[in-house]
Amino acid sequence: MRKSHPVRRVVLATAATVSGIVLLLSLKPASGPASAQAGGGAAPQQTAAAQESPQGGSGQQTGTRTVTGEVAKTQYGPVQVRLTVSGGKITKAEAVQAPKGGLSDQKTAMAVPRLNQEAVAAQSAQIDAVSGATYTSGGYKQSLQSALDKAKAASGGGAPSGSAGGSGAPGSSGAAAQARTVTGNVAQTQYGPVQVRVTVSGGKITKAEAVQAPKGGLSDQKTAMAVPRLNQEAVSAQGANIDAVSGATYTSTGYRQSLQSALDKAGG
């Protein structure tokens, strides 16, 4: 009996060892695929998502830029517009300069936020003037258009696509080629000649100025009063259908005649 105890112990120990090895072998294959499905499947998805996010972010940052338009002089002060353009779209518009002092503060506070909103909504300089702030609106549109032209030039003509009123201008070089200055015929008035010169870009009047106007005596005062307003109205109206300035009827009439002849020469 005493001799049989060691044998039994060896047999039992061997059986336990074999059972342990069998269990280990059976667990390893099961845990390998399970871990590959539970961990390996999710990890690549997270990695891909992590890779896509930086790529998208860097692309948006590269396509975002700020462009400041030229200063537009108005009767009540300068107006200058700055745009933020991203992905070929205006995402933000702001006036970095606007008329100020006295009543101009109220008009600027009333008009500029609306003009900023309209610029983003229209994606172009084709926006309505704010009632009661005609000069500020006209200057805003001029500076806005110049900012859009700069944005086109910087992007090779790809953005913003609607800056010329959705006309689909081919590119910055084409837009630059379209910008031209045309001088109208001299209009003779009772108080002297009037002659208007316009700058046209993308089929739009971006600037109007009187290169001749009545002068001498009282005419100097009337010209100083009327011509800036007529220049602004020509750009705002995008045509010669503008109101005469009270107290300067003859100058206003001559201005409109010469303006119309300039537009005819420009083809619009």
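Since the model is a prediction, treat every value here as computed from it, not as a measurement.

The rules behind these values
For every chain, the first residue of the written sequence is number 1, and numbering continues from 1 onward in sequence order. A pLDDT threshold of at least 70 governs which residues receive local features in this predicted model, and a stricter bar of 80 or more applies before side-chain atom pairs are shown or counted, although totals over entire chains, interfaces and linings include all residues. Here the side-chain values reflect all heavy atoms present in the structure, with hydrogen atoms and water set aside. The way it works is that DSSP assigns letters per residue, a run of H or I at least four long becomes a helix, a run of E at least two long becomes a strand, and they are numbered from the N terminus. Type-normalised accessible area, obtained with a 1.4 Å probe on protein chains alone, sets the label of each residue: buried when under 20%, exposed when over 50%, and partly exposed for intermediate values. Residues count as neighbours in contact if any of their non-hydrogen atoms are within 4.5 Å of one another. Buried Ala, Val, Leu, Ile, Met, Phe, Trp, Tyr and Cys residues that are joined via side-chain atoms within 4.5 Å together make up what is termed a nonpolar core. What makes a salt bridge here is a side-chain nitrogen of Lys or Arg within 4 Å of a carboxyl oxygen of Asp or Glu, nothing more. Should DSSP find at least two bridges between two strands, the strands are taken to pair. Helix axes are fitted only over the stretch in contact, all axes being lines through C-alpha atoms; the angle between N-to-C directions runs from 0 to 180 degrees. By convention the crossing between two helices is left-handed if the near helix lies anticlockwise of the far one by an angle smaller than a right angle, and right-handed if it lies clockwise. Note that Gly is not counted as nonpolar here; it falls among the polar residues with everything else outside the nonpolar set of Ala, Val, Leu, Ile, Met, Phe, Trp, Tyr, Cys and Pro and the charged set of Asp, Glu, Lys and Arg.

Caption draft 1: Looking closely at the overall build of the chain. Scanning the chain from N- to C-terminus turns up seven helices and eight strands. Evaluated residue by residue, the chain yields a buried proportion of 35% over its 268 residues. Within the chain, counting contacts between residues at least 6 apart in sequence, those at least 24 apart form 45% of the total.

Caption draft 2: Seen up close, the nonpolar core. Within the largest apolar cluster, 20 residues are counted, with the highest numbers of intra-cluster contacts made by Val198, Ala208, Leu230, Tyr255 and Leu259. The set of elements that each furnish at least two residues to this core consists of strand S7 (192-201), strand S8 (204-212), helix H6 (218-237) and helix H7 (249-266). It is H7 that provides the largest number of residues to this core, a total of five residues. When neighbours within four sequence positions are excluded, Leu259 is seen to be in contact with Val196, Val198, Ala234, Gly239, Ala240 and Ile242.

Caption draft 3: Layout of the pattern of salt bridges. Counting across every chain of the model gives three salt bridges. Measuring nitrogen to oxygen at the nearest pair gives 3.2 Å for the salt bridge that ties Glu209 to Arg197. Placement of the pair is Glu209 in strand S8 and Arg197 in strand S7, with a sequence separation of 12 residues. Overall, the relative accessible area of 22% leaves Glu209 in the partly exposed class. Judged by its relative accessible area of 29%, Arg197 is partly exposed.

Caption draft 4: A look at the pairing of strand S3 (residues 77-86). Where burial is concerned, most of S3 is hidden: seven out of the 10 residues are buried. Pairing of strand S1 (residues 64-68) with S3 involves five bridges; the strand directions are antiparallel. Its bridge partner being in S3, Thr68 is matched across the sheet by Arg82. In this structure, the hairpin formed by strand S2 (residues 72-74) and S3 is closed by a connection of two residues. The pairing of S3 with strand S4 (residues 89-97) spans seven bridges and is antiparallel. In the strand pairing of S4, Val81 is matched with Ala95. Linking S3 to S4, which pair antiparallel, is a turn of two residues; within it Gly87 sits at a positive phi near 60°.

Caption draft 5: Region of the structure containing the packing of helix H3 (residues 103-122) against helix H4 (residues 134-155). Between H3 and H4, the shortest axis-to-axis distance is 11 Å and the interhelical angle comes to 40°. Note on packing geometry: the crossing formed by H3 with H4 is right-handed. For the pair formed by H3 and H4, the contact residues are Leu115, Asn116 and Ala119 on the first element and Thr136, Ser137, Tyr140 and Leu144 on the second. Here the residues of the contact of H3 with H4 sort into four nonpolar, three polar and no charged.

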